[in-house]
Amino acid sequence: MKNFYLTTAIDYANGSPHLGHAYEKILADVIARTKRLSGTKTKFVTGLDEHGQKVQQGAEAEGIAPLTRCDRIAEEFKEMLQKLGISHDDYIRTTEDRHKRVVCELLQNLYDAGDIYQDDYEGFYSTRAEQFLQEKDKVDGEWPEIFGEVTRIREKNYFFKLSKYQEWLIEHIQNTEGFILPEFRKSQVLEFLKEPLNDLCISRPAERLSWGIPLPFDPEYVTYVWFDALVNYVTAAGYGTDEFEENWPADVHVIGKDILAPPHAVYWPIMLQASNLALPRQILAHGWWTTSGAKMSKSTGETVSPLALADQYGADAFRFFVMREMTVGQDAEFSLERFSSRYKGELGNDLGNLVSRLIHMCHQYFDGIAPEQELQEDLEKNLQTRWNEACSKTLEHFNSFQFQLGLEETVGFVRAINKYADERAPWKLAKSDTAQDQKALATSLATMLEGLRLANELLAPVMPGTHAKICQCLGQEPAEIWSGRLDWGERLARVELGQKMILFPRD
Ligand code: MSP
């Protein structure tokens, strides 16, 4: 059976990880975990993009070899993944031999097929953007700041025939529903494709840039950036080995909106089509985290260290925040106030308090053994109906990558359990010794335990650590697959519960 194969962008090895990188990996991780919990075999890959001028220059400035610098940055990124609880199955680095082999094989095939050719290039070049420029890139007759120093150069280079595939690509995008997500990005890509495509320059002379992959048909040149980086997706899928069929085509490439068009929505499908490889099923482009409206990036200096936040509040609170706060595809503004308000409100008050007071009452009134539900009145029936709705809506939203809406449903259900608790008021029932009140007391705690057990199932992909802790409180094993665990039923009756925990402490 084919794996659900999903990837993230591979991060540039030219700086430390920040919130933008962290968010994307969490988003992909939540998708991967949701798939696994739904019983789908999944392969999830992320990695590092290591070649290029900036990496070479960064290493020169430090007086070390580029690979030494990349090794250090790879460690930093891997540490971030580990701290954030990312469950990737593979970490691909573009300096690995397995990757260079695949890049060379694809390049050679395209060269032999006549889709890569050599030509003279004369024009403007921006070292900062590592990009050839055209007059149309000027704004009011000037080169915009982002290009830094622009020089005129003339050199021979290798080009990939993008233009030959333009009409085919337009048709593919128009006819393939869900290929580009969110939907509104599709029209932006089609808009981009209205202009004739220039063929893509895929090489640099090795004397100018040595930190790339030598072209198999001309070692005087190297390839780097897109032709190198995009290929990581097929390398990690096991191109050239038996495993490839189990993984390819990719089910989802998770990327940021800045690298949708042209790289992922234009270069990549054309590279695959020209190489006779199947196209990915979906490309999911998320938005940017901004601070004061500007994209958070290394060059603006406005970055939030995901590790510092995760260290302070725990990885799960951080994961919950980014998934709850950002509408996938749109930008979101990061602020510590927003973080703190979600932390105190939805995590601390709604979920954390429910867990601690419920487990406390179970120990106080039933010696830590989950009671049985002895009554089935409107209050219980209503909560169960509420669960059925919340569960199906959450799953629907999760499956369409709308995690913020899914979490809203789940949190809404947690609030419904708290409301139920206020209505039944077990702390009052406990003071009465009539048989009816004792039944109501057992029922109220049993119902709340069942509600919490279920809500906790839906939190598993987003907060795996918290899920496991709540399972411990409930005397349960954490979920590996959901099968059957999402149905309302008396799964906890007579179970020995764990000790109460403070899940989201106030600082
Ligand atoms: N190396 C390329 C990707 C090659 S994929 C074959 C690259 N690297 S990057 O480090 O600049 O960005 C990695 C990912 O992080 C991209 O998907 C990018 O959109 C995302 N983010 C970087 N900054 C971001 C924010 N401020 N907010 C959200 N995500 C952004 O591009």
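Residues numbered from 1 in each chain as written. Predicted model: local features only at pLDDT ≥ 70, side-chain atom pairs only at ≥ 80, totals over all residues. Heavy atoms only, no water.

Novice: Residues and numbers for the environment of Gly256, please.
Specialist: Tracing the sequence through the fold places Gly256 in strand E13 (residues 252-256). Classification of Gly256 as buried rests on a relative accessible area of 3%. Considering only alpha carbons, one finds Gly256 and Leu452, 196 residues apart in sequence, at a separation of 35 Å. Beyond its immediate chain neighbours, meaning those up to four positions away, Gly256 contacts Glu24 and His286. (Helix = DSSP H or I, 4+ residues; strand = E, 2+ residues; numbered from the N terminus. Buried < 20%, exposed > 50% of the residue type's maximum accessible area, 1.4 Å probe, protein only. Contact = heavy atoms within 4.5 Å.)

Novice: Go over helix H18 (residues 464-473) with me, naming the residues and quoting the values.
Specialist: Three or more residues of H18 are buried, namely Pro464, Thr466, His467, Ile470, Cys471 and Cys473. Residues of H18 that are buried sit in contact with helix H1 (19-37), helix H12 (315-325), helix H13 (336-366) and helix H17 (435-459). Immediately downstream of H18, the backbone of Gly475 shows phi near 65 degrees, a positive value.

Novice: Could you give me a rundown of the pattern of salt bridges, with the residues and numbers involved?
Specialist: Per the stated rule, a full pass over the model turns up 40 salt bridges. Note that Lys43 and Glu243 form a salt bridge whose closest N and O atoms lie 3.1 Å from each other. With Lys43 in strand E3 (residues 42-49) and Glu243 in the loop between helix H8 (232-236) and helix H9 (244-247), this residue pair connects regions lying 200 residues apart in the sequence. Exposure remark for Lys43: the relative accessible area of 11% places this residue in the buried category. Glu243 gets classed as partly exposed once you look at its relative accessible area, which sits at 30%. Its salt-bridge partner being Glu122, residue Arg154 comes within 3.5 Å of it at the nearest N-O pair. Residue Arg154 is found in strand E7 (residues 150-160), and its partner Glu122 is found in strand E5 (residues 116-126); the two are separated by 32 residues along the sequence. Looking at Arg154, the relative accessible area reads 57%, which means it is exposed. Linked through salt bridges whose partners overlap, the residues forming this network are Arg324, Glu325, Arg338, Arg342, Glu346, Asp350, Glu408 and Arg415. (Salt bridge = Lys/Arg side-chain N within 4 Å of Asp/Glu carboxyl O.)

Novice: Can you tell me about the environment of Val266, naming the residues and giving the values?
Specialist: Note on placement: Val266 falls in helix H10 (residues 260-274). For the pair Val266 and Ala129, spaced 137 residues apart in sequence, the C-alpha to C-alpha distance is 19 Å. Setting aside chain neighbours within four positions, we find Val266 in contact with Leu169, Phe192, Leu193, Leu197 and Leu260.

Novice: How would you sum up the sheet that holds E7? Please name residues and give values.
Specialist: The strand order across the open sheet built from four strands is E6-E5-E7-E9, with neighbouring strands paired in antiparallel fashion. Each edge of the open sheet carries a strand with a single partner, namely strand E6 (131-133) and strand E9 (200-201). Alignment of E7 against E9, held across two bridges, turns out to be antiparallel. Bridging from a neighbouring strand, Phe160 pairs with Leu200 of E9. (Pairing = 2+ DSSP bridges.)

Novice: Could you give an account of the packing of H1 against H12, naming the residues involved and the relevant values?
Specialist: Helices that pack against each other are described as a pair by the angle of their axes relative to one another and the distance between those axes. The contact between H1 and H12 brings their axes to 10 Å, and the two run at 90 degrees. When the axis of H1 is compared with that of H12, the two are roughly perpendicular. For the pair H1 and H12, contact is made by Leu19, Ala22, Tyr23, Ile26, Leu27, Asp29, Val30 and Arg33 and by Phe318, Arg319, Val322 and Met323, respectively. A class-by-class count of the residues in the contact of H1 with H12 yields nine nonpolar, no polar and three charged. (Axes fitted to C-alpha atoms, helices over the stretch in contact; angles between N-to-C directions. Parallel < 35°, antiparallel > 145°, perpendicular 65-115°, else oblique. Nonpolar A, V, L, I, M, F, W, Y, C, P; charged D, E, K, R; others polar.)

Novice: Describe the side chain of Ser356, with residues and values.
Specialist: Looking at the secondary structure, you find Ser356 in helix H13. With relative accessibility at 12%, the residue Ser356 sits in the buried group. With near-sequence residues (within four places) excluded, Ser356 lies in contact with Lys500, Met501 and Ile502.

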